[in-house]
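# Descriptive analysis of the structure
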Amino acid sequence: PARRGAAASPRPTALDWTFAVLAIPPHLYVLLYARDILDRTPFIDPPTALELALGTVATILVIEATRRALSATLAVLVGLGILYLFTCHLLPGIWYYRPLPYAHVVDILYLVNNSGLYGFLTGISAGIVILFIAFGAVAQASGLGELFHKLGLILAGRYAGGPATLEVIGSAMFGTI
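Residues numbered from 1 in each chain as written. Predicted model: local features only at pLDDT ≥ 70, side-chain atom pairs only at ≥ 80, totals over all residues. Heavy atoms only, no water.

### Digging into unusual backbone geometry
Heads up, the rule is: Labels follow the DSSP assignment, with helices taken as runs of H or I lasting at least four residues and strands as runs of E lasting at least two, numbered in each case from the N terminus. Exposure classes here rest on a 1.4 Å probe applied to the protein chains alone. A residue is buried below 20% of its type maximum, exposed above 50%, and partly exposed in between.
Of note in the backbone geometry, Phe-43 takes a positive phi value of approximately 70 degrees without being a glycine. Mapped onto the fold, Phe-43 is located in the loop between helix H2 (34–39) and helix H3 (49–69). Residue Phe-43 is classed as partly exposed on the basis of its relative accessible area of 38%.

The structure is reproduced here in structure tokens:
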């Protein structure tokens, strides 16, 4: 939900539906025109007006999704990082960087391979982290977590500090997988 107090309402608002609909075209464009995007030379071939608009919408919506799903603090930090791209030429010393045109910022955040929204961290989240989440769900449903807990209890339950040691042993066994 857009606000904390709105969590009681299970139904999406009109703004939620608007954001959901607006989130589709930028990512669909990248999917459908991936070959063209990969064949272009970043920072040399300027983004089209459509790419500029889609990149702007995608970036704003990802920041809003970050605010809603994770924290407002993280969304503000991301916003400050993007603001730096526009103001870096005004800053002194090591903070200085040459002026970046808006098209370059969109290139960095939206179109350049392994950068911005589609960077390597997104790939890691999509390809690896999801496997750990799925395995954890399977392990929990099958009782594997309980097995590790009981095994840790057998090994360390009778010693001083046993509950803490038990959890360390159980976590270590689960982590070895």
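### Some points on helix H6 (residues 120–142)
Note the threshold: What a helix is expected to span follows from its residue count: subtract one and scale by 1.5 Å. Bend angle per residue: angle between axes fitted to the 7 residues ending at that residue and the 7 residues starting there.
Spanning 23 residues, H6 covers 32 Å between terminal C-alpha atoms, matching the ideal 33 Å at 1.5 Å per step. Taking the largest bend as the criterion, H6 deviates by roughly 35 degrees, centred on Val-129. Where H6 ends, the next residue or the one after it, Gly-143, has phi of about 90 degrees, a positive value.

### A word on the pattern of salt bridges
Rules: Should a side-chain nitrogen of Lys or Arg be within 4 Å of a carboxyl oxygen of Asp or Glu, the pair is scored as a salt bridge.
All chains considered together, the criterion is met by 5 salt bridges. Two residues, Arg-35 and Asp-39, come together in a salt bridge whose shortest N-O distance is 3.7 Å. Of this pair, Arg-35 and Asp-39 both sit in helix H2, separated by 4 residues, roughly a single helical turn. Arg-35 gets classed as exposed once you look at its relative accessible area, which sits at 55%. In this structure, Glu-64 and Arg-68 form a salt bridge, with 2.7 Å as the shortest nitrogen-oxygen distance. Of the two residues, Glu-64 and Arg-68 both sit in helix H3, 4 residues apart, roughly one turn of that helix.

### Some remarks on the packing of aromatic side chains
Applied cut-off: In this analysis, rings of Phe, Tyr and Trp, with Trp reduced to its six-membered ring, are considered paired at centre separations within 6.5 Å, and the interplanar angle assigns stacked below 30 degrees, edge-to-face beyond 60, and tilted for intermediate values.
Taken as a whole and assessed by the stated rule, the structure comprises 4 aromatic pairs. Taking 4.8 Å as the distance between ring centres and 35 degrees as the angle between the ring planes, the aromatic pair formed by Tyr-29 and Tyr-33 counts as tilted. A relative accessible area of 39% places Tyr-33 in the partly exposed class. Between Tyr-84 and Trp-95 the ring centres are 6.3 Å apart and the planes differ by 75 degrees, which places this aromatic pair in the edge-to-face class. On the criterion of sequence distance, the pair formed by Tyr-84 in helix H4 (residues 72–87) and Trp-95 in the loop between H4 and helix H5 (102–111) is long-range, its members being 11 residues apart. A relative accessible area of 27% places Tyr-84 in the partly exposed class. On the basis of relative accessible area, Trp-95 is assigned to the exposed category, the value being 53%.

### Some words on helix H1 (residues 14–32)
We apply this condition: Picture the helix axis, draw a direction to every C-beta atom, and the arc is the one those directions span.
The terminal C-alpha atoms of H1, which comprises 19 residues, lie 28 Å apart, in line with the 27 Å expected from a rise of 1.5 Å per residue. When we look at burial in H1, the residues that qualify are Asp-16, Pro-26, Tyr-29 and Val-30. Along H1, the residues classed as buried sweep out an arc of 155 degrees about the axis, all on the same side. Pointing more than 90 degrees away from the buried face of H1 are the exposed residues Ala-14, Trp-17, Val-21, Ile-24, Leu-31 and Leu-32.

### What to know about the nonpolar core
Condition: Residues belong to a common nonpolar core when they are buried Ala, Val, Leu, Ile, Met, Phe, Trp, Tyr or Cys residues joined through side-chain atoms within 4.5 Å.
If you look at the biggest cluster of nonpolar residues, it comprises 9 residues: Tyr-29, Val-30, Ile-37, Leu-54, Ala-58, Val-106, Tyr-110, Leu-111 and Leu-117. Those elements that place two or more of their residues in this core are H1, H3 and H5. Ile-82, Leu-85, Leu-100 and Leu-109 belong to the second largest nonpolar core, which has 6 residues in total.

### Remarks on the environment of Leu-100
To keep it simple, the criterion reads: The contact definition used throughout considers only heavy atoms, calling two residues in contact when any of these lie within 4.5 Å.
Along the chain, the position of Leu-100 falls in the loop between H4 and H5. Given the relative accessible area of 12%, Leu-100 is considered buried. On a C-alpha basis, the gap between Leu-100 and Leu-85 in space is 6.7 Å, while along the polypeptide they are 15 residues apart. When near neighbours in sequence (up to four residues on either side) are disregarded, Leu-100 contacts Leu-85, Cys-88 and Val-105.

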